[in-house]
Amino acid sequence: MSIQYRENSPGAEDISKDNWWEVLSRDDITIGHSDPAIDPGGYRAVMMLQLGAEEFDGERLYDESTLDTLMSNTTIPTGTEINLEWQLESGDLDYVLYYQSISATSGLPYIDLQPEVDLSQVTNEHAQHYAKAEVETKSGTFTGAPIAYGLTVPSNARAPGRGTQWVKHFATEPGQAILDEQGLAPVDPVVVPASSEDAVPDSVMDVASAQSTLGPLEPWWSISTAYRYRCTTYSDSYIMATETESQFEITAVGRLPLVVLFTLIQLLVFAAAYSIGKPTWYVYFIVGSAATTAYALDGTPFTIATATAGSLLMVVLSLPLFIFLARQTPSLIIEKALDPDVQRVLYLGVYAPLLAALLSLLGGVPLAHLLAKGFPGQPLVESLVDLPLVVPHSVAGIIILFGFGKGGAFPQLSVLGTMVGMVLALAFVSAPYAVNATREAFESIDDRLEYASRIHGANQWETFRRVTGPLAVRGMITGGLLAWARAVSEFGAVAVVAYSVSFFYPFAGTEVTAQHAPVFVYNTYLQGGLEESGAVAFLLLAVSAVIFLIVRYLIDDGTGGGMPWLTSVLISARRSLPTVRSRLLSMPRWRLTPVRPVLYSVRVGAARHCYWRRLLASINTLE
């Protein structure tokens, strides 16, 4: 455990390891820690304070009256420790009590406490002393003990060999140096439970020591075989490795080569089956290859069963697409691509849905925010928002004509056969996607961020502009993209409202007349047959797919392979935090506080990314 503070915290110029209790017991000091009932860091913070008043080797740091003063200066502003730092930086707290591993990576000053109070020592003597501390909460009673972190390789790991290298790396000097830098003191040599020694790879045992206990810690060893999936917390820092299973190691080859190889095999088998007029054989191959791949990568019956069942749906989705692509004539596609009429149709097929998506977002974002907050009569509004999802497309077009056509709410508005009517029809069917996706983004935002902004003086507009809006922007873009994609595919409503429209075509510099792409494809099918309509459909599919993939790539959160520059942004953000912090401190308080949680999240993400990235990079240099 440790004590963290700001450079301008009250008493910061006086506090040290030898007098921290004197500074923290002053009248003008506010100390914070997480909730002991829900967070181990909370009850350990209380234990830390209690232990200072307990004798160790005949001495204690302070008396009971000082402990009472420290406890009276202590508050619980948050459930877990994740928000403590920005509350410290904003001035709501003067000092916070939490793990040294957090303090060491935050960039703020902190006090490294005495071993008799910081719960770090794995010795019988210290364990007996720590046990003097006891905290009662609504979740139960907790007794003091050394803090620990364990490490294991899951028995169902996709790359157990790689995981073994990672575990072994903690026993090396570079690995332990990284742990020290992150505020974690490793045990040297690595300790493995004697009861599980047979399950530990020989390469790990070469650098490890098998023991039945680790100082006073005995209960942990009895659960070592079953507890394979998470870290455990008993001693200061030791390593455990358990049974691994022989599965295909993805990391040994790389995910991208495997994906490329799998795709090529699928294409080759489909080409062979199609060339001999037996596409049904490819159906059997899809199902079989899915089951085989699941067995190779995981091997569990559940995964094999789900992969096989999922492949049946992939047959329905992919087989028609593959056959559609295989039957296209390249020369006809090129001919249609050079046709000015087709070019105008493709432009309108992208432009009109874009206007509809923007219109959906313009009104959908405020509505989504209201739905996320809740209000009387909300179920009725939600039903109206989702109604276009179940209304037949042609009915949607008729509804638009009744609402906005002659005799409607705006008789002066020309709807039938106009661009306005087309955009309204497209917005009617696509708006639910924009509203629902944006609403989910608003609902995922922690209410405490908005609350912190409001209590420091920001009005609702400023809070939305500086806090809520930026945090939900990815959901807004996703909603707009889904709305655009839905509008691109609309046929029935457009055929009723705006079968053919006039619009300004920038590549011709004049006004032209064209049809919405799905309507044009249908007319081409009626007049020219399946082959000609297929060529136009191929062009529309290609344009839509390219736009869709580009936007999804740009808004990807980094977990799916998008935004390759996210890593460098996180690292750069962490390196620049001291400069950013000094600039933010000059801002008005209400402007600063809402930003801090976001910066803290970036800093934590960058720290963790750098930490694990350095570990894995070091492993790559191993034999």
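Data block above holds the structure.
Residues numbered from 1 in each chain as written. Predicted model: local features only at pLDDT ≥ 70, side-chain atom pairs only at ≥ 80, totals over all residues. Heavy atoms only, no water.

**A few points about the overall build of the protein**
If you tally the helices and strands in the protein, you get 26 helices and eleven strands. Expressed as a percentage of contacts within the protein between residues at least 6 apart in sequence, the contacts between residues at least 24 apart total 72%. When the accessible area of the protein is evaluated, it comes to approximately 31,300 Å², of which 60% is carbon and sulfur surface. (Helix = DSSP H or I, 4+ residues; strand = E, 2+ residues; numbered from the N terminus. Contact = heavy atoms within 4.5 Å. Areas by Shrake-Rupley, 256 points an atom, 1.4 Å probe, with all protein chains shown as cover.)

**Section: the nonpolar core**
Leu348, Met419, Met422, Leu426, Phe442, Val501 and Phe503 are the most contacted members of the largest nonpolar core, which totals 57 residues. It is helix H19 (residues 419-443) that contributes the most residues to this core, twelve residues altogether. Leaving out residues up to four positions away in the same chain, Val501 has contacts with Leu348, Gly417, Thr418, Met419, Met422, Val512, Thr513 and Ala514. By size, the runner-up hydrophobic cluster in this structure holds 41 residues, among which are Val46, Leu93, Leu108 and Leu113. (Core = buried A, V, L, I, M, F, W, Y, C linked by side-chain atoms within 4.5 Å. Buried < 20%, exposed > 50% of the residue type's maximum accessible area, 1.4 Å probe, protein only.)

**Details of the pairing of strand E1 (residues 2-5)**
Neither face of E1 is open: one carries Ser2 and Gln4, the other Ile3 and Tyr5, and all of them are buried. Inspection of the sheet shows E1 paired to strand E4 (residues 95-98) by four bridges, in the antiparallel sense. What sits directly across from Ser2, in E4, is Tyr98. As defined by bridge partners, E1 adjoins strand E5 (residues 110-112) across three bridges and the pair is classed as antiparallel. Bridge pairing in E5 links Gln4 to Tyr110. (Pairing = 2+ DSSP bridges.)

**A closer look at the side chain of Ser34**
Take Ser34: it is sitting in strand E2 (residues 31-34). Only 2.6 Å separates the side chain of Ser34 from the side chain of Asp39, close enough to count as a polar contact. A distance of 3.0 Å separates a polar side-chain atom of Ser34 from the backbone nitrogen of Gly42. (Polar contact = N/O pair within 3.5 Å; in protein donor to acceptor, adjacent residues only side chain to side chain.)

**Points about a negative patch on the surface**
Together, Glu55, Asp57, Glu59 and Glu125 give the surface a local cluster of negative charge. Summarising the element assignment, Glu59 is placed in the loop between helix H2 (40-51) and helix H3 (64-72). (Patch = residues over 30% accessible without salt bridge, like charges linked within 9 Å, V, L, I, M, F, W, Y side chains within 5 Å. Salt bridge = Lys/Arg side-chain N within 4 Å of Asp/Glu carboxyl O. Lys, Arg positive; Asp, Glu negative; His and termini not counted. Charge placed at Lys NZ, Arg CZ, Asp CG, Glu CD.)

**A look at unusual backbone geometry**
Residues other than glycine seldom take positive phi values, yet Asp57 does so here, at roughly 55°. Turning to its location among the elements, Asp57 is positioned in the loop between H2 and H3.

**Quick look at a nonpolar patch on the surface**
A contiguous nonpolar surface patch, about 650 Å² in accessible area, is contributed by Leu380, Leu384, Leu387, Leu389, Val390, Tyr433 and Leu482. Secondary-structure assignment places Val390 in the loop between helix H17 (378-386) and helix H18 (393-404).

**Topic: the packing of aromatic side chains**
Enumeration over the complete set of coordinates arrives at 19 aromatic pairs. When the centroid spacing of 5.9 Å and the interplanar angle of 85° are considered together, the rings of Trp20 and Tyr62 count as edge-to-face. Taken together, the residues span a long stretch of sequence, with Trp20 in helix H1 (residues 20-24) and Tyr62 in the loop between H2 and H3 at a distance of 42 residues. By relative accessible area, Trp20 is classed as buried at 0%. Within the aromatic cluster, the residues linked to one another by ring pairs are Phe270, Tyr274, Tyr282, Phe285 and Phe322. (Phe/Tyr/Trp six-rings, centres within 6.5 Å; stacked < 30°, edge-to-face > 60°.)

**Notes on the pairing of strand E11 (residues 510-514)**
Pairing of strand E10 (residues 501-505) with E11, which is carried by five bridges, proceeds in the antiparallel orientation. Bridge pairing in E11 places Val501 opposite Ala514. The turn linking E10 back onto E11 is made up of four residues, and Gly509 within it adopts a positive phi angle of 70°.

**Considerations on the pattern of salt bridges**
A full pass over the atoms with the stated rule returns eleven salt bridges. For Asp14, the salt bridge identified is with Arg26, shortest N-O distance 3.2 Å. Note that Asp14 is positioned in the loop between E1 and H1 and Arg26 in the loop between H1 and E2, a separation of twelve residues in sequence. Taking the relative accessible area as the measure of exposure, Asp14 reaches 35% and is therefore partly exposed. Measuring nitrogen to oxygen at the nearest pair gives 2.1 Å for the salt bridge that ties Asp341 to Arg344. On the criterion of helical spacing, the pair formed by Asp341 and Arg344 is a turn pair, its members being three residues apart in helix H16 (residues 340-373). Under the relative-accessibility criterion, Asp341 is labelled partly exposed at 39%. Assessed through its relative accessible area of 18%, Arg344 is described here as buried.

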